[in-house]
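Here is what each chain is made of, one letter per residue.
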Amino acid sequence: MSTNKKLVVIWCLVASIMFMACENPLTGNKDDRKPDLGESLTPIEEMSLIEGAESATLTININGAKKAYFNIEFSNIGSNKIIDNELKDGWCIDVWKSIDSNDGVYTNIKLYSTHLVEQWKPVNYLLNVQQALRNNDPQITWLEIQLVIWSLRAYPEFDLETTSIENLPGQFRKDGKALFSYEKVYEILDFVEANYKSFNFDQNGAKFAVVAEMPIDVQTVITIAEK
């Protein structure tokens, strides 16, 4: 089946589903690439600070089930309509920084909603369709999804084509070879670009990223909430 036909099949699957209802940092010259927090979360002024989630505690571990990059245990969150105190899948958007993902505990973390934020729509669309994509193609793993997230949202800009395999975190390579499919990453990026503008982000059940405002020297992480 051609790539175009595959994407048509995937889109039909995604549409039917939706309308029915970084432990190791990348290497490189970090001093040249490390932004301040405001740049990392741009446009933070368009996000909404979640009431009751102004001083959350996050406990970070690698996602052993390989559903995402991290397991994030949220606690010390007050009553709100967006996120609870629970264990959730987590992803990374801050490419060049490290994080303690071996029971690393981060306190006094502010959580922000990206619901209907224009610049976050490509990532939020991916979060809505990623499980359908993986169900349709079991060879798509969390590795491809994380690489797509970096490609769409990372600060500084992440370009897989110009990033040496040796500069990717250890989970993404073995013996100098990629453990992911470049082709699938590019196909997913094309799919997101072709379809996110027509997606109804305000429908019931639509997913969106919640961004954790981490310390300045720590990877910015996100999790998924649902409208």
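Just so we're clear, the structure is a prediction, and the values are computed from it rather than from any experiment. Within each chain, residue numbers correspond to sequence positions counted from 1 in written order. Given that the model is predicted, a residue must reach a pLDDT of at least 70 before its local features are reported, and side-chain atom pairs must reach 80 or more before they are shown or counted; all residues, however, enter totals for whole chains, interfaces and linings. Hydrogen atoms and water are omitted, and side-chain values are computed over all heavy atoms in the structure.

Asker: I tried to follow the overall build of the chain on my own but got confused; where do I start?
Answerer: Counting from the N terminus, the helices are the DSSP runs of H or I reaching at least four residues and the strands are the DSSP runs of E reaching at least two. On a plain count of helices and strands, the chain comes out with 6 helices and 9 strands. Three labels apply to residues, based on accessible area from a 1.4 Å probe with only protein chains included: buried if under 20% of the type maximum, exposed if over 50%, partly exposed otherwise in between. Relative to its 227 residues, the chain shows a buried fraction of 50%. For the chain, the accessible surface area stands at approximately 10,900 Å², while carbon and sulfur atoms represent 46% of it. Per-residue and other accessible areas were derived by the Shrake-Rupley procedure at a 1.4 Å probe size, with only the shown protein chains allowed to occlude residues.

Asker: Please clarify how the packing of helix α4 (residues 121-136) against helix α5 (residues 142-153) should be interpreted in this entry.
Answerer: Working note: a packed helix pair is described by the angle between its axes plus the distance between those axes. One way to put it is that α4 packs onto α5 with a least axis distance of 11 Å and a crossing angle of 165°. With respect to α5, the element α4 is oriented roughly antiparallel. Crossing of α4 over α5 shows right-handed handedness. Here P122, V123, L126, L127, Q130 and R134 of α4 lie close against α5, whose contacting residues are W142, I145, V148, I149, L152 and R153. To define axes, lines are fitted to C-alpha atoms, for helices over the stretch in contact only, and angles between the resulting N-to-C directions are given on a 0 to 180 degree scale. Angles below 35 degrees are treated as roughly parallel, those above 145 as roughly antiparallel, those between 65 and 115 as roughly perpendicular, and all remaining angles as oblique. Throughout, a crossing is termed right-handed when the near helix is turned clockwise from the far one, and left-handed when it is turned anticlockwise from it by less than a right angle. Here a residue-residue contact requires only that any non-hydrogen atoms of the pair lie within 4.5 Å.

Asker: Where do I start with the confidence of the model for the chain in this structure?
Answerer: Parts of the model with low pLDDT should not have their predicted coordinates read in detail. As a per-residue quantity, pLDDT reports the predictor's confidence and falls between 0 and 100. Of the residues in the chain, 79% reach a pLDDT of 70 or more, and the chain-wide mean stands at 85. Segment residues 23-38 is flagged for pLDDT under 50; beyond a separation of four residues in sequence, or across chains, it makes 42 contacts in the model.

Asker: Explain the packing of aromatic side chains to me, please; I cannot follow it from the model alone.
Answerer: Each aromatic ring pair is summarised here by two numbers: the centre-to-centre distance and the angle between the ring planes. Classification of ring pairs uses Phe, Tyr and Trp, with its six-membered ring standing for Trp, and accepts pairs whose centres are within 6.5 Å; under 30 degrees between planes counts as stacked, over 60 as edge-to-face, and the remaining range as tilted. Inspection of every chain in the model, using the stated rule, returns 13 aromatic pairs. For the pair W150 and F158, a centre-to-centre distance of 5.7 Å together with 55° between the ring planes defines the contact as tilted. A centroid spacing of 6.4 Å and a plane angle of 70° characterise the contact between F172 and F180, whose relative ring orientation is edge-to-face. Here F172 and F180 have matching classes, each one buried. Chaining the aromatic ring pairs together yields one cluster made of Y69, F70, W142, W150, F158, F172, F180, Y182 and Y186.

Asker: I would appreciate a short explanation of α4 in the present structure.
Answerer: The periodicity of an α-helix, 3.6 residues per turn, causes residues three or four places apart in sequence to face the same way. The span you would expect from a helix comes to 1.5 Å times its residue count less one. Look at α4: 22 Å from first C-alpha to last across 16 residues, which is about the 22 Å you get at 1.5 Å a residue. The seven residues ending at a residue and the seven starting there each receive a fitted axis; the angle between those axes is the bend at that residue. Where α4 bends most, the angle comes to about 45°, and this point is V129. Summarising burial for α4: 13 of the 16 residues are buried, a large majority.

Asker: Honestly, the environment of L116 in this entry has me stumped. Any pointers?
Answerer: The residue L116 is located in the loop between β5 (102-113) and α4 in this model. Given a relative accessible area of 44%, L116 falls into the partly exposed group. Once you skip the residues sitting within four places of it in the chain, L116 turns out to touch K121, F201 and D202.

Asker: What is the right way to look at α5 in this model?
Answerer: The end-to-end C-alpha separation of α5 is 16 Å, in line with the 16 Å expected for 12 residues at 1.5 Å each. Across the 12 residues of α5, 10 count as buried, placing the element largely inside the fold. Among the residues making up α5, those that are buried are W142, L143, E144, I145, Q146, L147, V148, I149, W150 and R153. The elements touched by buried residues of α5 are β4 (87-92), α4 and α6 (182-195).

Asker: Would you take a moment to explain the side chain of T223 for this structure?
Answerer: Turning to its location among the elements, T223 is positioned in strand β9 (residues 221-226). Given a relative accessible area of 1%, T223 falls into the buried group. Polar contacts involving the side chain of T223 include one to the main-chain carbonyl oxygen of D89, which spans 2.6 Å. In contact with T223, not counting residues within four places along its chain, are F74, I83, K88, D89, F208, A209 and V210. For this analysis, a polar contact is any N or O atom pair within 3.5 Å, provided that within protein one partner can donate a hydrogen and the other can accept it, and provided that sequence-adjacent residues contribute only side-chain to side-chain pairs.

Asker: How do you make sense of the environment of W91 when you look at a structure like this?
Answerer: For W91, the location among the structural elements is in strand β4. Overall, the relative accessible area of 0% leaves W91 in the buried class. Distance from W91 to Q219, taken between C-alpha atoms, is 9.8 Å for residues 128 residues apart in sequence.

Asker: Please clarify how the pattern of salt bridges should be interpreted in this entry.
Answerer: Two side chains bearing opposite charge may form a pair once their charged atoms approach each other closely. Only one rule defines a salt bridge in this text: a Lys or Arg side-chain nitrogen within 4 Å of an Asp or Glu carboxyl oxygen. According to the stated counting rule, one finds 6 salt bridges in the structure shown. E86 is paired through a salt bridge with K88; the nearest N and O atoms lie 3.7 Å apart. On the accessibility criterion, E86 (31% relative accessible area) is partly exposed. The shortest N-O distance in the salt bridge between K121 and E118 comes to 3.1 Å. Of the residues examined, K121 reaches a relative accessible area of 18% and is grouped as buried.

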